[in-house]
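Understanding the architecture of this molecule
Spelled out from the first residue to the last, the chains are:
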Amino acid sequence: MYRLLSSLEAIGWVEPASKPRQVRLGVAFLRLGARLEAQLDVRKQAVPQLERLRQLSGETAFLCIRRGLEAVCIERVEGLDVQIHTLSLGQSMPLGEGVGPRALLAFETKDVVDSYFENFPAPTSAIAPSAKDLRVLLEETARDGVAVATSEWADGIGGVGAPIFDHRGRVVAALSIGGMSYRMFGGTYDPVALIRSASEVVSRSMGYDGDLPAPRPLPDGLEHSEVA
């Protein structure tokens, strides 16, 4: 038991208590617990909005969080085009690829963004074939509050993503929907307004009370007959 406690103390999960031969939870463990609690909380708050996104759009809806320099899918609600989506529950992808991951990266600290470009100097996404292109997309996302791609991985497949903020104003997750572009951007609903509304609801439920970025207009040449 003492050997085990010594190992836990070495990694910061326990620390000596005020009384001899007693230990208490360490700072590192408490921080880990706080992160896990936040992830569980954001998932609980986001699931109803994921269901609503799927119901109103018919598209697959995703909830992603950042883990290191990647975005991990912690919830997914299936839509009409299940077979076109490669990001399964529990899987991850680089923060610069995909609308949800980019919505996370765009609102991260400068240190995280700089670290991403140091480790991923050559983006592989068709919509951002170079680091310069990706930086432009991140600036647009940070300015407008949404990441939009009418053809992310292949012609005809697109998506829209938006960040979720907590009570401290930090980005903790991102909601997104993805599907066939002709249906998303030429149908009877506005995917940008829909995803912004969902992300705002979840952010407010997480205690965020700040201002959200101004709405982003639809891509040039695309119109909607109705705003959801």
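These numbers come from a predicted model, not from an experiment. (Residues numbered from 1 in each chain as written. Predicted model: local features only at pLDDT ≥ 70, side-chain atom pairs only at ≥ 80, totals over all residues. Heavy atoms only, no water.)

Points about the overall build of the chain
- Helix and strand content of the chain: 7 helices and 8 strands.
- Going through the 228 residues of the chain one by one, you find that 43% of them count as buried.
- The long-range fraction of contacts in the chain, counting pairs at least 24 apart against all pairs at least 6 apart in sequence, stands at 55%.
- Here the chain has roughly 12100 Å² of accessible surface; of this, 53% comes from carbon and sulfur atoms. (Helix = DSSP H or I, 4+ residues; strand = E, 2+ residues; numbered from the N terminus. Buried < 20%, exposed > 50% of the residue type's maximum accessible area, 1.4 Å probe, protein only. Contact = heavy atoms within 4.5 Å. Areas by Shrake-Rupley, 256 points an atom, 1.4 Å probe, with all protein chains shown as cover.)

Quick look at the pattern of salt bridges
- For the structure shown, the criterion picks out 9 salt bridges.
- Glu75 serves as the salt-bridge partner of Arg43, at 2.5 Å between the closest nitrogen and oxygen. Here the residue Arg43 occupies a position in helix H2 (residues 27–57), and Glu75 occupies one in strand E4 (residues 70–77), the gap between them amounting to 32 residues.
- Residue Asp166 is joined to Arg170 by a salt bridge in which the shortest nitrogen-to-oxygen separation is 3.1 Å.
- The buried category is assigned to Asp166, whose relative accessible area is 5%. (Salt bridge = Lys/Arg side-chain N within 4 Å of Asp/Glu carboxyl O.)

What about the nonpolar core?
- If you look at the biggest cluster of nonpolar residues, it comprises 27 residues, and the most contacted ones within it are Leu63, Ile164, Leu175 and Ile195.
- The set of elements that each furnish at least two residues to this core consists of H2, strand E3 (60–67), E4, strand E7 (157–165), strand E8 (171–180) and helix H7 (191–205).
- If one sorts the elements of this core by residue count, H7 sits on top with 5 residues.
- Not counting the four nearest positions on each side in its chain, Ile195 is found in contact with Leu53, Val146, Val160, Gly161, Ala162, Leu175, Ser176 and Ile177.
- By size, the runner-up hydrophobic cluster in this structure holds 24 residues, among which are Cys73, Ala103, Ala106 and Leu138. (Core = buried A, V, L, I, M, F, W, Y, C linked by side-chain atoms within 4.5 Å.)

So, the confidence of the model for the chain
- A residue-level look at the chain finds 79% of positions with pLDDT of 70 or above and a mean pLDDT of 81.
- Every residue in residues 218–228 is under pLDDT 50, and counting partners more than four places away or in other chains gives 28 contacts. (pLDDT = per-residue confidence, 0-100.)

Observations concerning the packing of helix H3 (residues 99–106) against helix H5 (residues 131–144)
- For the pair H3 and H5, the least separation of the axes is 9 Å and the interaxial angle reads 75 degrees. The angle between the axes of H3 and H5 places the two elements in the roughly perpendicular class. Contact residues: H3 offers Arg102, Ala103, Leu105 and Ala106, while H5 offers Leu134, Leu137, Leu138, Thr141 and Ala142.
- Class assignment of the residues belonging to the contact of H3 with H5 gives a composition of 7 nonpolar, 1 polar and 1 charged. (Axes fitted to C-alpha atoms, helices over the stretch in contact; angles between N-to-C directions. Parallel < 35°, antiparallel > 145°, perpendicular 65-115°, else oblique. Nonpolar A, V, L, I, M, F, W, Y, C, P; charged D, E, K, R; others polar.)

A look at the sheet that holds E4
- Ordered in space as E5-E4-E3-E8-E7-E6, the 6 strands form an open sheet in which the pairing is antiparallel. This sheet does not close on itself; its edge strands, each paired only once, are strand E5 (92–94) and strand E6 (147–149). Neighbour-to-neighbour, the strand axes of the sheet open up by a mean angle of 25 degrees, direction not taken into account.
- Summarising the sheet, E3 and E8 pair through 5 bridges and their orientation is antiparallel. Of the residues in E8, the one forming a bridge with Thr60 is Gly178.
- Sheet strands touched by H7: E6, E7 and E8. Its angle to E7, the strand with the most contacts, is close to 25 degrees. (Pairing = 2+ DSSP bridges.)

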